[in-house]
Amino acid sequence: VTPMGLLNLPAIEASLRRVQQGFESINQQLTGQRDPMSDEVVENLLAGYAYIDILIEWDIDIFAKGKHKYLLELNNIVLCGPDQELRAEFAQHIKATYDRFYEEPGGGIEDMVEWRANYLSESVWKLAAGLYVRALSKPQLFIEGNHRTGALLASYVLLKAGKPPFVLTVENAVAYFDPSTVIRNIDKLGPMALFRLPGIKRRFARFLEDQANPDYLTAPDPHAISGPPRSINVSPQAPFFQPDPGP
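Residues numbered from 1 in each chain as written. Predicted model: local features only at pLDDT ≥ 70, side-chain atom pairs only at ≥ 80, totals over all residues. Heavy atoms only, no water.

1. Considerations on the overall build of the chain
- Counting its regular elements, the chain contains ten helices and zero strands.
- When the helices and strands of the chain are listed from N to C terminus, the series reads α-α-α-α-α-α-α-α-α-α.
- Taken across its 247 residues, the chain has 51% of its residues classed as buried.
- Looking at the chain alone, contacts between residues at least 24 apart form 77% of all its contacts between residues at least 6 apart.
- When the accessible surface of the chain is split by element, carbon and sulfur atoms take 51% of a total near 11900 Å². (Helix = DSSP H or I, 4+ residues; strand = E, 2+ residues; numbered from the N terminus. Buried < 20%, exposed > 50% of the residue type's maximum accessible area, 1.4 Å probe, protein only. Contact = heavy atoms within 4.5 Å. Areas by Shrake-Rupley, 256 points an atom, 1.4 Å probe, with all protein chains shown as cover.)

Take a look at the structure:
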C-alpha cells in the first residue's frame, strides 16, 4: 500500500540541499561554528521527515504510554540512518542513548511527557517550540543529534495539528542556529531556566510560525488531501517503517 504522505519531501530536500551548498557562508555568520552538512546528514534528515510522515499517517502518538520508542527511533534515524544492517556498528551508542532516554533524571522522555501534559492548552506553535527547547536544554534528551531530532519533533507536533513542518532554509538558518546554541547551554532544572526559557520559547514559537510554508505539504490542509496517494520514494517495508521499531 502506498502511504498517502502529507509532506512534500522533494521540496524539503531542495531546501536542505540549498542550505548544504551555502553552509560555509552560513557558518561564518553564526555565533558558534557548526560542522558542515554532509550528504549523510541531509539523507538521514530526509529519512526522519519520511518517518514522521508515516507516524502521522498511522496515527501514532509518540507521547502515549508504550509509544515513546518511536521518538527514540527518530533519533536513531537522524544519527545512524534507517538501514538496520548498518546499525550494528552503532550498537553501543544506541544502547547508551536508550538508557539515557528512559532513565536520565529530569532530562529523559518522562520529563518531556510531563512538560507536554502541563502545556497542552497552549498554541501548537508554543507547544512545538517548548518541546524543542525542552529537548535541547540541559540535560538534553539524547546524547547526540538533539538539534536535528528536536526540529523533527517540532515538525511532528506541527504536522499533527495540520500545520507545515519546520524546514531549515538558507534564509532562516542563522535565526535557527544561534538561539539553539543559547538553549543548549541552559540548565532546564536550574534557577535561571525560570527566567530565561519562557521568553526563549515565546520567541522560538513566533519564529516557527513565521517559517510556516505550505509548500512543504502535499496540500495546504493535510487533513483534506484529494487526488491519488503520493509515493514517498521509500518502501513501506523498509526496516524503520515497521509498525514497531523494537522495545
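Picking up after the structure, the text goes on.
2. Some points on the packing of helix H3 (residues 39-57) against helix H8 (residues 146-160)
- Two numbers describe how H3 lies on H8: the axes approach to 10 Å, and their chain directions differ by 30°. Between H3 and H8, the angle is such that the two are roughly parallel. The handedness of the crossing between H3 and H8 comes out as right-handed. Between H3 and H8, the contacting residues are Val41, Leu45, Gly48, Tyr49, Ile52, Asp53, Leu55 and Ile56 on the first element and Arg148, Leu152, Ser155, Tyr156, Leu159 and Lys160 on the second.
- Grouping the constituent residues of the contact of H3 with H8 by class yields nine nonpolar, two polar and three charged. (Axes fitted to C-alpha atoms, helices over the stretch in contact; angles between N-to-C directions. Parallel < 35°, antiparallel > 145°, perpendicular 65-115°, else oblique. Left-handed = near helix turned anticlockwise from the far one by under 90°. Nonpolar A, V, L, I, M, F, W, Y, C, P; charged D, E, K, R; others polar.)

3. Things to note about the nonpolar core
- Among the nonpolar cores identified, the biggest contains 73 residues, and Ile12, Leu16, Tyr49, Ile62, Leu71, Leu168 and Tyr176 are the most heavily contacted of them.
- No other element matches H3, which puts eleven residues into this core.
- If near-sequence neighbours (up to four positions away) are discounted, Tyr49 is found in contact with Leu7, Leu9, Ile12, Leu16, Leu152, Ser155, Pro165, Phe166 and Val167. (Core = buried A, V, L, I, M, F, W, Y, C linked by side-chain atoms within 4.5 Å.)

4. A closer look at the environment of Glu114
- Mapped onto the secondary structure, Glu114 falls in helix H6 (residues 109-118).
- Among the residues examined, Glu114 registers a relative accessible area of 46% and is labelled partly exposed.
- With 51 residues separating them in the primary sequence, Glu114 and Phe63 have C-alpha atoms 9.7 Å apart.

5. Quick notes on the layout of surface pockets
- Its boundaries defined by the atoms lining it, the largest pocket holds a volume of some 570 Å³.
- Every residue lining the largest pocket is counted, 30 residues in all, and those nearest its centre are Arg34, Val41, His147, Arg148 and Phe177.
- Elements supplying a minimum of two residues to the lining of the largest pocket: H3, helix H4 (69-80), H8 and helix H9 (173-184).
- Of the residues in the lining of the largest pocket, the class split is 17 nonpolar, seven polar and six charged. (1 Å grid on protein atoms, 1.4 Å probe; cavity = no way out; pocket = protein on both sides within 12 Å on 5 of 7 lines; lining within 4 Å. Points joined across faces, edges and corners; volume = space filled by probe spheres on them.)

6. Looking at the packing of aromatic side chains
- For the structure on display, the rule yields twelve aromatic pairs.
- When the ring of Phe166 is compared with that of Phe207, the centres are 5.7 Å apart and the planes differ by 55°; the resulting orientation is tilted. In this pair, Phe166 is assigned in the loop between H8 and H9 and Phe207 in helix H10 (residues 191-211), connecting sequence segments 41 residues apart.
- Since its relative accessible area comes to 4%, Phe166 is described here as buried.
- The interplanar angle of 35° and the centroid separation of 5.5 Å between the aromatic rings of Phe204 and Phe207 together place this pair among those described as tilted. With a gap of three residues between them, Phe204 and Phe207 both fall in helix H10, about one helical turn apart. Both residues of the pair, Phe204 and Phe207, belong to the buried class.
- One aromatic cluster in this structure is built from Phe23, Tyr132, Phe166, Tyr176, Phe177, Phe204 and Phe207. (Phe/Tyr/Trp six-rings, centres within 6.5 Å; stacked < 30°, edge-to-face > 60°.)

7. Regarding a positive patch on the surface
- Residues Lys126, Arg196, Arg202, Arg203 and Arg206 make up a contiguous surface patch of positive charge.
- A per-element tally of the positive patch places H10 first, with four residues.
- You can see Lys126 is positioned in helix H7 (residues 124-136). (Patch = residues over 30% accessible without salt bridge, like charges linked within 9 Å, V, L, I, M, F, W, Y side chains within 5 Å. Salt bridge = Lys/Arg side-chain N within 4 Å of Asp/Glu carboxyl O. Lys, Arg positive; Asp, Glu negative; His and termini not counted. Charge placed at Lys NZ, Arg CZ, Asp CG, Glu CD.)

8. Focus: the environment of Cys80
- In this fold, Cys80 is placed in helix H4.
- Classification of Cys80 by relative accessible area gives buried; the value is 6%.
- Those residues within four positions of Cys80 in sequence are excluded, and the remaining contacts are Asn44, Arg87, Phe90 and Ile94.

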